[in-house]
Amino acid sequence: MTFPIKAVFRLTGKLLRQSAIPLALVTVLLGYLPHTAVHYGLQSLMYTRLGAVIVSAPFVAGNVLLVINQFISAFYLCAVSEIALRTAAGKPLRPGKMLIDALVNAVPVMVIQFALQTATLLGVLLLVIPGVFVGVALSVVVPTYVCEGKSIVDSFRRAFRLTKGRRWGIFGIWLSIRLISFVVFPNTLLSPVNSAFAVVRHVAPTFSLPDVPAGIAYAPATATALGFVITLITTLTIVLNTAIYLTLRFHSPDQGKNTRIAEVFE
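Residues numbered from 1 in each chain as written. Predicted model: local features only at pLDDT ≥ 70, side-chain atom pairs only at ≥ 80, totals over all residues. Heavy atoms only, no water.

### Side note on the overall build of the protein
Test applied: Runs of E in the DSSP output that reach at least two residues are strands. Runs of H or I that reach at least four are helices, and both are numbered from the N terminus. With a 1.4 Å probe rolled over the protein chains alone, any residue whose accessible area is under 20% of its type maximum counts as buried; one over 50% counts as exposed, and the rest are partly exposed. Contact between two residues is taken to exist if any of their heavy atoms lie within 4.5 Å; hydrogens are not considered. The Shrake-Rupley method, run with a 1.4 Å probe, gives the accessible areas here. Residue values count only the displayed protein chains as cover.
Along the backbone of the protein there are 12 helices and zero strands. Evaluated residue by residue, the protein yields a buried proportion of 37% over its 266 residues. Look at the contacts in the protein between residues 6 or more apart in sequence, and 73% of them connect residues 24 or more apart. When the accessible surface of the protein is split by element, carbon and sulfur atoms take 72% of a total near 14,900 Å².

Written out as structure tokens, the structure reads:
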């Protein structure tokens, strides 16, 4: 079963053109600014009495920070996904409803992202191939959840069925993007790998893991500019993943009686 890669990129370009303004606003207001505020807010906090308390309990503070960042990322991910889906369905974008829907979906999407990352990491630790397989097979679980309103478990099952027979094409798309991203922005790969390895070393200190470079240290101004560029690229990849989901959804033999996006995304 051939995966229409050209159709995916054509649809991605169409969605980006038709929803450029709302996507730009969400990228800045829900993606870049909140993460930047948390980062610099913590730096400022370190010089206060409360900061001294936080430093004295790094494990607790680290987990709280992780949850905050994950929630911001999930909220932003849901908003971008819904904009892309509603644009594809030809439905009006109502900012208030979109934000409420994204807020409601943020916590379940946090759970989905954590489960997906855990499953992929376990697969990589066993062997690289199982991790790649899991990541590709379940790659469209978030747009599946946002669009179809299924439970978390059903969304994983649905994503697995949708990608069946199309996984090599999806793998090729994401491999190309990851390689380009790694060459241009090495930290986009090194940072999450180091974070994942740190969790594994904390949970299973006897488990042997290879040493991974910490990444490039940038000057504050450069890091701030790169942060915006990376957030923008993240928006593009979320729209791309939504386009992959839509292409799978409407080229899949198990799509059921619904043949139009507007009939599914209600």
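### Concerning the nonpolar core
The line we're drawing: Only buried residues count toward a nonpolar core. Its members are Ala, Val, Leu, Ile, Met, Phe, Trp, Tyr and Cys residues joined through side-chain atoms within 4.5 Å.
Formed by 48 residues in total, the largest nonpolar core has its most connected members in Val26 and Ile244. In terms of residue count, the dominant contributor to this core is helix H4 (residues 58–89) (10 residues). Aside from chain neighbours lying at most four places away, what touches Val26 is Gly31, Tyr76, Ala79, Val80, Ile83 and Met98.

### Regarding a nonpolar patch on the surface
Quick reminder of the rule: Each patch is assembled from residues with relative accessible area greater than 30% and no salt bridge, linking like charges that lie within 9 Å and nonpolar side chains (Val, Leu, Ile, Met, Phe, Trp, Tyr) that lie within 5 Å. Salt bridges are identified by distance alone: a Lys or Arg side-chain nitrogen within 4 Å of an Asp or Glu carboxyl oxygen.
Together, Ile21, Leu25, Leu29 and Leu33 make up an exposed nonpolar region whose accessible area comes to about 410 Å². With respect to the helices and strands, the residue Ile21 is situated in helix H2 (residues 20–45).

### Points about the packing of aromatic side chains
Note the cut-off: Two aromatic rings, drawn from Phe, Tyr or Trp (for Trp, its six-membered ring), form a pair once their centres lie within 6.5 Å of each other, and the interplanar angle then sorts them: stacked below 30 degrees, edge-to-face above 60, tilted otherwise. Note on criteria: charge over ring means Lys NZ or Arg CZ within 6 Å of the ring centre, with the direction from the centre no more than 35 degrees off the ring normal.
Counted by the stated rule, this structure contains four aromatic pairs. Judged by centre distance (5.9 Å) and plane angle (85°), the ring pair of Trp168 and Phe171 falls under edge-to-face. Here Trp168 and its partner Phe171 are both found in helix H9 (residues 167–184), three residues apart, which amounts to about one turn of the helix. Given a relative accessible area of 74%, Trp168 falls into the exposed group. Look at Phe171 and you get partly exposed, because its relative accessible area is 25%. Above the face of the Phe160 ring, Arg167 is positioned so that its terminal group lies 4.3 Å from the ring centre. Lying over the aromatic face of Phe250, Arg249 brings its terminal NZ or CZ to 5.2 Å of the ring centre.

### Thoughts on the confidence of the model for the protein
Using the following cut-off: Confidence per residue, as judged by the predictor, is encoded in pLDDT with a range of 0 to 100.
Averaged over every residue, the pLDDT of the protein is 80; the share at 70 or more is 69%. When the elements of the protein are averaged for pLDDT, helix H12 (residues 261–264) gives the smallest value, 57, and helix H8 (residues 152–163) the largest, 94. For the stretch residues 254–259, pLDDT sits under 50, and the model shows 11 contacts to residues farther than four places along the chain or on other chains.

### Quick look at helix H7 (residues 141–148)
Burial within H7 is extensive, with seven of its eight residues counted as buried. Where H7 is concerned, the buried positions are Val141, Val142, Pro143, Thr144, Tyr145, Val146 and Cys147. Positive phi shows up at Gly149, right after H7, with a value of about 65°.

### Focus: the pattern of salt bridges
Going through the model one piece at a time under the given rule, you end up with six salt bridges. Here Asp101 and Lys97 are joined by a salt bridge, their closest N and O atoms 2.8 Å apart. Placement of both Asp101 and Lys97 in helix H5 (residues 95–126) is noted, with a separation of four residues, approximately one turn of the helix. Of the charged contacts in the structure, one is a salt bridge between Arg158 and Glu148, with a shortest N-O distance of 3.1 Å. Here Arg158 is found in helix H8, whereas its partner Glu148 is found in helix H7, with 10 residues between them in sequence. According to the relative accessible area criterion, Arg158 is buried, its value standing at 5%. In the salt-bridge network here, residues are joined through shared partners; they are Glu148, Lys150, Arg158 and Arg249.

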